[in-house]
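One letter stands for each residue in the lines below.
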Amino acid sequence: QVRLVESGGGLVQAGGSLRLSCAASGRTFSSYAMGWFRQAPGKEREFVAAISWSGGITYYADSVKGRFTISRDNAKNTVYLQMNSLKPEDTAVYYCATAQGGIATTMPNEYDEWGQGTQVTVSS
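Note that the structure is a prediction, hence the values are computed from the model and not measured. (Residues numbered from 1 in each chain as written. Predicted model: local features only at pLDDT ≥ 70, side-chain atom pairs only at ≥ 80, totals over all residues. Heavy atoms only, no water.)

Draft legend 1. Geometry of the overall build of the chain. Helix and strand content of the chain: 0 helices and 11 strands. N-terminal to C-terminal, the α/β element order of the chain is β-β-β-β-β-β-β-β-β-β-β. Relative to the compact-globule value of 14 Å for 124 residues, the chain shows a C-alpha radius of gyration of 13 Å, a close match. Taking the principal axes of the C-alpha coordinates as reference, the chain spans close to 40 × 25 × 25 Å. Relative to its full complement of 124 residues, the chain shows a buried share of 44%. (Helix = DSSP H or I, 4+ residues; strand = E, 2+ residues; numbered from the N terminus. Rg over C-alpha atoms; globule rule 2.2 N^0.38 Å. Buried < 20%, exposed > 50% of the residue type's maximum accessible area, 1.4 Å probe, protein only.)

The following block contains the structure:
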């Protein structure tokens, strides 16, 4: 059984930065791709970023490309999401998830374990 614990969320002004972390346990972390998703009030959960098992391949949603960076440290069983130039529309609960395999994917149904989420609020 995999346990994912996100941290690093909070309140920040527009233009600011946050770094989210997701610590994983209970699975061979380095074998699986990881992803970040977010869900704003009244909206469906959407893809944000994904990273392959080795960290060599990354994908980003168009809305965050050039502002967010996903990375991982397999020695620490942790995946990160560095968020810069934050906008009010980035406000959401952010979730990390473990993919079913090692290949990075943007599809939510290809992730089978999810964290509890961390709130990010960007004020204007």
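Draft legend 2. A look at the nonpolar core. Of all hydrophobic cores here, the largest spans 36 residues; its most connected members are Trp36, Leu81, Met83 and Tyr94. Elements with a contribution of two residues or more to this core: β3 (18-25), β4 (34-39), β5 (46-51), β7 (68-73), β8 (78-83), β9 (92-99) and β11 (118-123). In this structure, tyrosine 94 is in contact with Glu6, Leu20, Trp36, Phe37, Arg38, Val48, Phe68, Leu81, Met83, Gly117, Thr118 and Val120, ignoring residues within four places of it in sequence. (Core = buried A, V, L, I, M, F, W, Y, C linked by side-chain atoms within 4.5 Å. Contact = heavy atoms within 4.5 Å.)

Draft legend 3. Representation of the side chain of threonine 78 within the structure. As for its position among the elements, threonine 78 is in strand β8. Polar contacts involving the side chain of threonine 78 include one to the main-chain carbonyl oxygen of lysine 76, which spans 2.8 Å. Those residues within four positions of threonine 78 in sequence are excluded, and the remaining contacts are Ser21, Cys22, Ala23, Phe29, Arg72 and Asp73. (Polar contact = N/O pair within 3.5 Å; in protein donor to acceptor, adjacent residues only side chain to side chain.)

Draft legend 4. Layout of the sheet that holds β3. The sheet built from 4 strands is open, its strands ordered β1-β3-β8-β7 with antiparallel pairing. The open sheet is flanked by β1 (3-7) and β7, the only strands paired with a single partner. This sheet shows a mean twist of 15° between the axes of neighbouring strands, independent of strand direction. Here β3 runs beside β8; their pairing, made up of 6 bridges, is antiparallel. In the sheet register, serine 21 faces β8, and the bridge partner there is tyrosine 80. (Pairing = 2+ DSSP bridges. Axes fitted to C-alpha atoms, helices over the stretch in contact; angles between N-to-C directions.)

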